[in-house]
Amino acid sequence: MSSASSPPLDAALAQTVIELEGEFLLQNYSRYPLVVRRGKGCYVYDADGKRYLDLIAGIGVNALGHAHPRILSVIREQAGLLIHCSNLYYHEYQGPLAKRLAQISGLQRSFFCNSGTEAMEGALKMIRAHGGKISPEKHHIVSLDNSFHGRTLGALSVTGQEKYRRDFEPLLAGVRFIPPNDLAALEQAVSDHTAGIVLEWIQGEGGIYPLHVDYVRKARELAHRYNALLVFDEIQCGVGRPGRYFAYHLAEPVILPDIMVAAKPLACGLPLGVIVANEKAAAAIGPGMHGSTFGGGALACRVALEFLDILEGLLPSIYRLGGDFRMQLSELTRHHGFIKEVRGFGLMIGVELDLPGKQIVQDAMAEGLLINCTHETVLRFLPPYIITEQEIDRAVKLLAKLFKHVKYPPA
Ligand SMILES: Cc1ncc(COP(=O)(O)O)c(C=O)c1O
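Attention here is on the structure that accompanies the text. Since the structure is predicted, the reported quantities are computational estimates derived from the model, not experimental observations.

**A closer look at the site of the ligand**
Here's step 1: Around the ligand sit Ser115, Gly116, Thr117, Phe148, His149, Gly150, Glu200, Glu205, Asp233, Ile235, Gln236 and Lys264, and that is every residue in its neighbourhood.
Here's step 2: Here an oxygen atom of the ligand sits 2.8 Å away from a polar atom, N or O, in the main chain of Gly116.
Here's step 3: Contact distances for the ligand include 2.8 Å between an oxygen atom and a side-chain N or O atom of Gln236.
Here's step 4: Here the ligand has 390 Å² of accessible area as a free molecule, and 83% of this is covered by the chains.
Here's step 5: Its residues assigned to classes, the shell around the ligand comprises two nonpolar, six polar and four charged.

Following this line, the structure appears as structure tokens:
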């Protein structure tokens, strides 16, 4: 399974990689004992050349799988021309990418950064600046229980999960958490003091929970009524993953936010995040108020343009294959009492179990299938958008085999 350009590391060398990290890296990640050496299409290969069907795709980043020929080709060409020139100067690709994002999002102005959390930080600054222009009291933010918006202090402040927040308190003041899909709580939480409302259309880290359309519509209406900015976090659920450009396109008619943040798949593995805002929200930020040294480099932006070109043709199959995948997974619930629910849209799918999912993830890995588990009990699938019916069938067959060995109810 190895190629001439990347001979397999042997197991001893893989062990050295793991030990070195143990000695010299912050011990913040609990990694699986897998050294990924290379990838092609929907597969990655480990140090011994063993092949894995990759249905987590860098946690939703590798949208076109690995080593996609068109992405490789623009990376190779652009790397030889210009990788980065800072935001002191113009390059050819930020403008066209911002224009493309405006066309597909229905919003107007972009700011480029490097990650999801950085995009969220910028959106929070826009909320604060918008509120501050109206009144010093207008700085409250409404966010949802069970949400996840990133690891930096601002993003953590609007993340509604205690386990991510507790070691870093006190965080930003004025954030109010309410239960998702509770219309009365939403109505009650938003007031003249609210400067922003932050929502994930489909909560990702929280366990693949979609919001109800009428709930989001109410958030839109309240944001209008109280002159607050409505922010959709599309970092995990957007940019093609639901079979639409953005998850908010799933509603008919579309409910537009004031600000949308995206990142993960945008540059197919190169770090690129974006804030896209309407004119009203964009007016909150004037010269000198925000910036990012690496944000929107030529290489990342050119790759994103190429990706969006390819994505247009993939959207229908993402929607169709995702539906097929969910249906096949739902079939498994008939045979296994420990599967509580299958949720999601397009190729963002969660299978909620009545037991911890970690062991299943490990067993799947041993069988050559990469998935992960979020919120302890939800198996999460974020496959590349180029996945085929055959690969989905293969994954479902493998899971069916693994599920047969699950002891339920636990002894
Ligand atoms: C919905 C959502 N928002 C924000 C983030 C943070 O993105 P990043 O890890 O790129 O900072 C994530 C990451 O998983 C996410 O899923």
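The structure having been displayed, the exposition proceeds.
**Considerations on the pattern of salt bridges**
Here's step 1: The tally for this structure, following the rule as stated, stands at 19 salt bridges.
Here's step 2: Here Arg31 makes a salt bridge to Glu21, at a shortest N to O gap of 2.8 Å. Taken together, the positions of Arg31 in the loop between helix H1 (11-24) and strand E1 (36-40) and Glu21 in helix H1 put the pair 10 residues apart, joining distant regions of the chain.
Here's step 3: Here Glu389 ties to Arg320 by a salt bridge, and the two come within 3.3 Å at their closest N and O atoms.

**Quick look at the pairing of strand E12 (residues 273-277)**
Here's step 1: Of all five residues in E12, five are buried, a share of seventy percent or more.
Here's step 2: Taking every second residue as pointing to the same face, both faces of E12 are buried, with Gly273, Ile275 and Ala277 on one and Val274 and Val276 on the other.
Here's step 3: Taken together, the five bridges between strand E4 (residues 109-113) and E12 define a ladder with antiparallel strand orientation. Residue pairing for E12: Ser110 is matched across the bridge by Val276.
Here's step 4: Sheet topology note: the strand E11 (residues 259-262)/E12 ladder contains four bridges and is antiparallel.

**So, the side chain of His66**
Here's step 1: Its place among the elements puts His66 in the loop between helix H2 (57-60) and helix H3 (69-81).
Here's step 2: A distance of 2.8 Å separates polar atoms of two side chains, one belonging to His66 and the other to Asp54.
Here's step 3: Sequence-distant contacts of His66, defined by excluding residues within four places in its chain, comprise Gly39, Lys40, Gly41, Tyr43, Val44 and Asp54.

**Describing a nonpolar patch on the surface**
Here's step 1: On the surface, Leu20, Phe24 and Leu25 cluster together into a nonpolar patch covering about 330 Å² of accessible area.
Here's step 2: Overall, the relative accessible area of 62% leaves Phe24 in the exposed class.

**So, the packing of aromatic side chains**
Each aromatic ring pair is characterised by the separation of its centres together with the angle its planes make.
Here's step 1: What the rule picks out here adds up to eight aromatic pairs.
Here's step 2: Here the aromatic rings of Phe325 and Phe381 are separated by 5.3 Å at their centres, their planes lie at 70°, and the arrangement is edge-to-face. On the criterion of sequence distance, the pair formed by Phe325 in helix H11 (residues 298-333) and Phe381 in strand E17 (residues 378-381) is long-range, its members being 56 residues apart.
Here's step 3: Here the basic side chain of Arg51 rests over the ring of Tyr43, its NZ or CZ set 3.9 Å away from the ring centre.
Here's step 4: A cation over a ring is seen here: Arg343 above Tyr209, with NZ or CZ 3.8 Å from the ring centre.

**A few points about the pairing of strand E13 (residues 339-345)**
Here's step 1: The pairing of E13 with strand E14 (residues 348-353) spans six bridges and is classified as antiparallel. Bridged to Phe345 within E14 is Met348.
Here's step 2: In this structure, the hairpin formed by E13 and E14 is closed by a connection of two residues, where Gly346 is found at a positive phi of approximately 50°.

What counts and how
Residues numbered from 1 in each chain as written. Predicted model: local features only at pLDDT ≥ 70, side-chain atom pairs only at ≥ 80, totals over all residues. Heavy atoms only, no water. Near = heavy atom within 4 Å. Polar contact = N/O pair within 3.5 Å; in protein donor to acceptor, adjacent residues only side chain to side chain. Areas by Shrake-Rupley, 256 points an atom, 1.4 Å probe, with all protein chains shown as cover. Nonpolar A, V, L, I, M, F, W, Y, C, P; charged D, E, K, R; others polar. Salt bridge = Lys/Arg side-chain N within 4 Å of Asp/Glu carboxyl O. Helix = DSSP H or I, 4+ residues; strand = E, 2+ residues; numbered from the N terminus. Buried < 20%, exposed > 50% of the residue type's maximum accessible area, 1.4 Å probe, protein only. Pairing = 2+ DSSP bridges. Contact = heavy atoms within 4.5 Å. Patch = residues over 30% accessible without salt bridge, like charges linked within 9 Å, V, L, I, M, F, W, Y side chains within 5 Å. Phe/Tyr/Trp six-rings, centres within 6.5 Å; stacked < 30°, edge-to-face > 60°. Lys NZ or Arg CZ within 6 Å of the ring centre and 35° of its normal.

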